[in-house]
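Survey of secondary and tertiary structure
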Amino acid sequence: MTVPHPTVGLDDVVHQRTRLGVLALLNSGVTLEFGALRDTLHLTDGNLNRHLKVLRDAGLVSTERRGSGRSKTWVGITDPGRAALAAELAALRAVIAAAEPQR
């Protein structure tokens, strides 16, 4: 049996560009307000909402409404989200190593 290519280790939920960006931004332990995430990643409200739903449904981020009146949504990474990001980064490193020319 052959060894699978490192791309097999990529997680489709995490690997998508926007979702990877959200997890990377949140990985420092901060919670970010929805608008800050949207603006930093150059997304529309609807696009970010869709990706946050995927990440929430997978248990990788949590969201919380804060404030009175016009409350804002704050997003944080969960422990499983940190683990998923770490695994994705390890898989990406393996892909890069496999793509390097052998000397």
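No experiment lies behind these values; they were computed from the predicted model shown.

Below, the discussion takes up the pattern of salt bridges. Within the structure shown, the criterion is met by 4 salt bridges. The shortest N-O distance in the salt bridge between Asp39 and Arg38 comes to 3.0 Å. Asp39 sits in the partly exposed class, given a relative accessible area of 47%. Judged by its relative accessible area of 23%, Arg38 falls in the partly exposed class. For the salt bridge of Arg66 with Glu64, the shortest nitrogen-to-oxygen distance reads 3.5 Å. Owing to a relative accessible area of 41%, Glu64 belongs among the partly exposed residues under this scheme.

Ordered in space as 1-3-2, the 3 strands form an open sheet in which the pairing is antiparallel. Two strands bound the open sheet, and with one partner strand each, they are strand 1 (32–33) and strand 2 (61–66). Here strand 1 runs beside strand 3 (residues 72–77); their pairing, made up of 2 bridges, is antiparallel. Note that in strand 3 the partner of Leu32 across the bridge is Val75.

With numbering matched to this structure, UniProt assigns "domain: Winged helix DNA-binding" (unreviewed entry) to residues 19–96. Taken end to end, residues 19–96 is 59% helix and 18% strand, and its first and last C-alpha atoms sit 20 Å apart.

Our next topic: the nonpolar core. Grouped together as the largest cluster of nonpolar side chains are 18 residues, with contacts concentrated most on Val22, Leu23, Leu48 and Val61. Counting residues per element, the ones that place at least two in this core are helix 2 (17–26), helix 3 (34–40), helix 4 (45–57), strand 3 and helix 5 (79–99). With 4 residues, the top contributor of residues to this core is helix 2. Residues contacting Leu23, with those up to four places away along its chain left out, are Val14, Leu55, Leu60, Val61, Ile77 and Leu85.

Here we come to the packing of helix 2 against helix 5. It is the contact of helix 2 with helix 5, at a shortest axis distance of 11 Å, that shows an interaxial angle of 115 degrees. Crossing angle aside, the handedness with which helix 2 passes helix 5 is left-handed. Between helix 2 and helix 5, the residues in contact are Leu20, Leu23 and Ala24 and Leu85, Glu88 and Leu92, respectively. For the contact of helix 2 with helix 5, the per-class residue count stands at 5 nonpolar, no polar and 1 charged.

What counts and how
- Residues numbered from 1 in each chain as written.
- Predicted model: local features only at pLDDT ≥ 70, side-chain atom pairs only at ≥ 80, totals over all residues.
- Heavy atoms only, no water.
- Salt bridge = Lys/Arg side-chain N within 4 Å of Asp/Glu carboxyl O.
- Buried < 20%, exposed > 50% of the residue type's maximum accessible area, 1.4 Å probe, protein only.
- Pairing = 2+ DSSP bridges.
- Helix = DSSP H or I, 4+ residues; strand = E, 2+ residues; numbered from the N terminus.
- UniProt positions renumbered as here; feature names shortened; annotations may be inferred.
- Core = buried A, V, L, I, M, F, W, Y, C linked by side-chain atoms within 4.5 Å.
- Contact = heavy atoms within 4.5 Å.
- Axes fitted to C-alpha atoms, helices over the stretch in contact; angles between N-to-C directions.
- Left-handed = near helix turned anticlockwise from the far one by under 90°.
- Nonpolar A, V, L, I, M, F, W, Y, C, P; charged D, E, K, R; others polar.

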